[in-house]
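So the chains spell out like this:
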Amino acid sequence: MPDFTAATQRARVRVPLRFQDGYRADAELVTFHGLADGLEHVAVVLGDPAPGSTPLVRLHSECLTGDAFGSARCDCGPQLREAVERIAERGGVLLYLRQEGRGIGLYNKLDAYALQDEGLDTYAANAALGLPEDARDYTAAAQMLAALGIGELDLLSNNPDKAEQLRALGVEVNDRVPTGVFATPDNVRYLRAKVLQTQHTLPLGDLSKVSAG
């Protein structure tokens, strides 16, 4: 069994969610004491799971540019919107993790964007800055799930590393459910890199139909 200290729930508060397209969902936001990385991650509890059902869970890494500003350079904003609706329909949790730029931080992510404009892909740009391709660790996510009483789940993600890390941390991931494909001319190179470099489950055929701008 992985060796990490238990986290505890700090507070729960009801927050009605409203999206620009008119979709609405009621959520409970949960904060925590004792998370391993000391960051202010939040669990967004949505829907009412049927008795005996497996909750649907998404680990969503914070993306200021995509989530708040609607940047088309990534698919984070549309994935967040989709995840809230799908989890609310079935019952489960979205863990909103403060891991901007796959864990390298906002300023470094914007520096990496500048290198991508010169032709590097998202992973090569991180490497050129002397940074990890993906610096995320999901120990805090496993702590949050344990504090919520979730030991078994279906994971809403295209990223196999998230499932592998959770399993290594003692979480039973029954199934990995892919998200939709949210390709635009501005993010298609980014999405292709995720498929080719880190085996994200996105269909290359669909991406090939979108021309990079």
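Structure report, in brief. (Residues numbered from 1 in each chain as written. Predicted model: local features only at pLDDT ≥ 70, side-chain atom pairs only at ≥ 80, totals over all residues. Heavy atoms only, no water.)

### Considering the pattern of salt bridges
In step 1: Applying the stated criterion to the full structure yields 10 salt bridges.
In step 2: Note that Arg 14 and Asp 26 form a salt bridge whose closest N and O atoms lie 3.3 Å from each other. Of this pair, Arg 14 sits in strand β1 (residues 8-18) while Asp 26 sits in strand β2 (residues 24-33), and the two are 12 residues apart along the sequence.
In step 3: Between Arg 73 and Asp 117 there is a salt bridge, with the nearest N and O atoms lying 3.1 Å from each other. Placement of Arg 73 in the loop between α1 (64-68) and α2 (76-90) and of Asp 117 in helix α3 (residues 106-117) is noted, with a sequence separation of 44 residues between them.
In step 4: Relative accessible area serves as the criterion here: at 25%, Arg 73 is assigned to the partly exposed category.
In step 5: Assessed through its relative accessible area of 58%, Asp 117 is described here as exposed. (Salt bridge = Lys/Arg side-chain N within 4 Å of Asp/Glu carboxyl O. Helix = DSSP H or I, 4+ residues; strand = E, 2+ residues; numbered from the N terminus. Buried < 20%, exposed > 50% of the residue type's maximum accessible area, 1.4 Å probe, protein only.)

### Describing the sheet that holds strand β5 (residues 92-97)
In step 1: Read from one edge to the other, the open sheet built from 7 strands follows the order β1-β2-β3-β5-β4-β6-β7, with strand pairing classed as mixed. Edge positions in the sheet fall to β1 and β7 (172-177), since each has one partner strand and no second. Strand-to-strand, the axes of this sheet are offset by a mean angle of 30 degrees, without reference to chain direction.
In step 2: The sheet contact formed by strand β3 (residues 42-46) and β5 spans 5 bridges and is antiparallel. Looking across to β5, one finds that Val 44 is bridged to Leu 94.
In step 3: Contacts between helix α5 (residues 139-147) and the sheet are confined to β1, β2, β3, β4 (56-61), β5 and β6 (152-156), with β5 contributing the most and set at about 145 degrees to the helix. (Pairing = 2+ DSSP bridges. Axes fitted to C-alpha atoms, helices over the stretch in contact; angles between N-to-C directions. Contact = heavy atoms within 4.5 Å.)

### Overview of α2
In step 1: Helix length check: α2 (15 residues) gives 21 Å between terminal C-alpha atoms against 21 Å at 1.5 Å per residue, within 8%.
In step 2: Among the residues making up α2, those that are buried are Cys 76, Gly 77, Gln 79, Leu 80, Arg 81, Glu 82, Ala 83, Val 84 and Ile 87. (Expected span 1.5 Å × (residues − 1).)

### A word on the side chain of Ser 157
In step 1: Relative to the elements of secondary structure, Ser 157 occurs in the loop between β6 and α6 (160-168).
In step 2: For Ser 157, the side chain forms a polar contact with the main-chain nitrogen of Asn 159, separated by 2.9 Å.
In step 3: When neighbours within four sequence positions are excluded, Ser 157 is seen to be in contact with Arg 58, Lys 162, Arg 176, Val 177, Pro 178, Thr 179 and Thr 201. (Polar contact = N/O pair within 3.5 Å; in protein donor to acceptor, adjacent residues only side chain to side chain.)

### Thoughts on the packing of aromatic side chains
Any pair of aromatic rings gets described here by the distance separating the centres and the angle formed by the planes.
In step 1: Throughout the structure, instances matching the rule amount to 1 aromatic pair.
In step 2: An angle of 40 degrees between the planes, with centres 6.1 Å apart, marks the rings of Phe 19 and Tyr 23 as tilted.
In step 3: For the cation-ring pair, Arg 81 lies above Phe 19, with the distance from its terminal atom to the ring centre recorded as 5.6 Å. (Phe/Tyr/Trp six-rings, centres within 6.5 Å; stacked < 30°, edge-to-face > 60°. Lys NZ or Arg CZ within 6 Å of the ring centre and 35° of its normal.)

### Re the pairing of β1
In step 1: Sheet analysis places β1 next to β2, joined by 10 bridges and oriented antiparallel. From the neighbouring strand, Gln 9 faces β2, where its bridge partner is Phe 32.
In step 2: What sits between β1 and β2 in their antiparallel hairpin is a turn of 5 residues, with Gly 22 showing a positive phi close to 100 degrees.

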